[in-house]
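Each chain is listed here by its residues.
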Amino acid sequence: MTQNPGKPASPADPRALDLYDFATSGRQAAGALRVSQMPRMLAEVPADAPDRDTVFTWQGEGSTQPELQDDGTEAPQPYLRLAVHGSVYLLCQRCLTPYSQHVDVDATYRIVATEEEADEFPLDDDEVDVIVGSRQFDLVDLIEEELLLSLPLVPKHNVCPEVHESLLAGSDDEADEGGAQDEAEKPNPFAVLGKLKSGGPDDKKH
Ligand SMILES: [Zn+2]
């Protein structure tokens, strides 16, 4: 990385990005976003999570691709590629404890000028989404939207942590001894069944 003291670095404000310029000049940007900066994401984080304010890193890259226009000429069409990586605590719907969910986003957007143009764009391409560009584009809002869409429908651990019975029933040693004693005192249900079979009044030997 080269330092340029004469020209102070002016990192583009990700909340007010000139998306057209970003794309046509093939610029790149990267940054980090805390969950606390994304209120709709924060709303998904359980109150008792070990860390409610985890960090996501993001990278954006602008580009253009020549595209055939209605008048038969080719013109550069602006594109944005966005990658987001990080983890957020969600509430496991199986055991109702917080767990850390990793989220990856890698999306490519065709940038159009109006909502109408976006609606007209055929949605048969799974690889490319359409966004309406702006000279003051809120990239943070787009990142949050993508993260929300990437969250699992039913958040849950891959494998829920086992809750040891001793945590529910009391201290370890007493619970173990008590358990063994109970087993010894309880009549074995199969033994009882055996007695009924052999000693019943309907003995077929007669
Ligand atoms: Zn769980």
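Definitions and limits used
Residues numbered from 1 in each chain as written. Predicted model: local features only at pLDDT ≥ 70, side-chain atom pairs only at ≥ 80, totals over all residues. Heavy atoms only, no water. Helix = DSSP H or I, 4+ residues; strand = E, 2+ residues; numbered from the N terminus. Buried < 20%, exposed > 50% of the residue type's maximum accessible area, 1.4 Å probe, protein only. Contact = heavy atoms within 4.5 Å. Areas by Shrake-Rupley, 256 points an atom, 1.4 Å probe, with all protein chains shown as cover. Core = buried A, V, L, I, M, F, W, Y, C linked by side-chain atoms within 4.5 Å. Polar contact = N/O pair within 3.5 Å; in protein donor to acceptor, adjacent residues only side chain to side chain. Patch = residues over 30% accessible without salt bridge, like charges linked within 9 Å, V, L, I, M, F, W, Y side chains within 5 Å. Salt bridge = Lys/Arg side-chain N within 4 Å of Asp/Glu carboxyl O. Lys, Arg positive; Asp, Glu negative; His and termini not counted. Charge placed at Lys NZ, Arg CZ, Asp CG, Glu CD. Pairing = 2+ DSSP bridges. Axes fitted to C-alpha atoms, helices over the stretch in contact; angles between N-to-C directions. Expected span 1.5 Å × (residues − 1). pLDDT = per-residue confidence, 0-100.

This paragraph deals with the overall build of the protein. A tally of regular secondary structure across the protein gives seven helices and five strands. When its helices and strands are written in sequence order, the protein yields α-β-α-β-β-β-α-β-α-α-α-α. Here the protein holds 206 residues, and the buried ones make up 27% of them. Of the contacts made within the protein by residues no fewer than 6 positions apart, 62% connect residues no fewer than 24 positions apart. Summing over all exposed atoms, the protein offers an accessible surface of approximately 14500 Å²; the carbon and sulfur share of this is 51%.

This paragraph deals with the nonpolar core. Judged by nonpolar contacts, the single largest core of 33 residues is most densely connected at F56, L80, V88, I143 and L147. Elements supplying a minimum of two residues to this core: helix 1 (19-24), strand 2 (55-68), strand 3 (74-91), strand 4 (98-112) and helix 4 (139-150).

This part covers the side chain of T54. In this structure, T54 sits in the loop between helix 2 (39-42) and strand 2. Of the polar contacts made by the side chain of T54, one reaches the backbone oxygen of S87; its length is 2.7 Å.

Further remarks concern a negative patch on the surface. On the surface, D70, D71, E115, E116, D119 and E120 cluster together into a negatively charged patch. Among the secondary structure elements, E116 is positioned in helix 3 (residues 115-120).

Here the focus is unusual backbone geometry. Positive phi values are uncommon outside glycine, yet L96 reaches one of about 60°. Looking at the element boundaries, L96 is found in the loop between strand 3 and strand 4. Assessed through its relative accessible area of 55%, L96 is described here as exposed.

Turning our eyes to something else, we now look at the sheet that holds strand 3. If you walk across this open sheet you meet the five strands as 1-2-3-4-5, and the pairing is mixed. Here the strands that pair on one side only, and so sit at the sheet edges, are strand 1 (28-34) and strand 5 (128-132). Ignoring which end each strand starts from, the neighbouring axes of this sheet average 35° apart. Sheet topology places strand 4 next to strand 5; five bridges connect them, and they run parallel. Each residue of the ladder has a partner; that of Y109, found in strand 5, is D129.

In an α-helix, one turn spans 3.6 residues; hence positions three or four apart end up facing the same way. With twelve residues, helix 4 should cover 16 Å at 1.5 Å per step; its first-to-last C-alpha distance of 16 Å lies within 8% of that length. Within the sequence span of helix 4, burial applies to L139, V140, L142, I143, E144, E146 and L147. Each element contacted by the buried residues of helix 4 is listed here: strand 1, helix 2, strand 2, strand 3, strand 4 and strand 5. Structurally, the start of helix 4 carries an N-cap: the backbone nitrogen of V140 is 3.1 Å from a side-chain oxygen of D138.

Turning our eyes to something else, we now look at the confidence of the model for the protein. On average, residues of the protein carry a pLDDT of 82, and 72% of them reach 70 or more. Low pLDDT, under 50, characterises residues 6-10; the stretch is placed with zero contacts to residues that sit more than four places away or in other chains. Between residues 170-185, whose pLDDT stays under 50, and residues either more than four places distant or in other chains, the model counts two contacts.

The pairing of strand 2 with strand 3 spans 13 bridges and is classified as antiparallel. Bridging across to strand 3, L68 finds its partner in E74. The loop that links strand 2 with its antiparallel partner strand 3 comprises five residues; one of these, G72, has a positive phi angle of about 90°. Taking the residues between adjacent antiparallel strands as the criterion, strand 3 and strand 4 are bridged by six residues, where L96 takes a positive phi near 60°.

Bringing the pattern of salt bridges into the picture now. Scanning all chains against the criterion turns up nine salt bridges. Note that E67 and R110 form a salt bridge whose closest N and O atoms lie 2.3 Å from each other. Here R110 lies in strand 4 and E67 lies in strand 2, a separation of 43 residues in the sequence. Of the two residues, E67 and R110, neither departs from the other in class, the shared state being buried. A salt bridge links D106 to R81; the shortest N-O distance between them is 2.7 Å. Within this pair, whereas D106 is found in strand 4, its partner R81 is found in strand 3, the two being separated by 25 residues in sequence.

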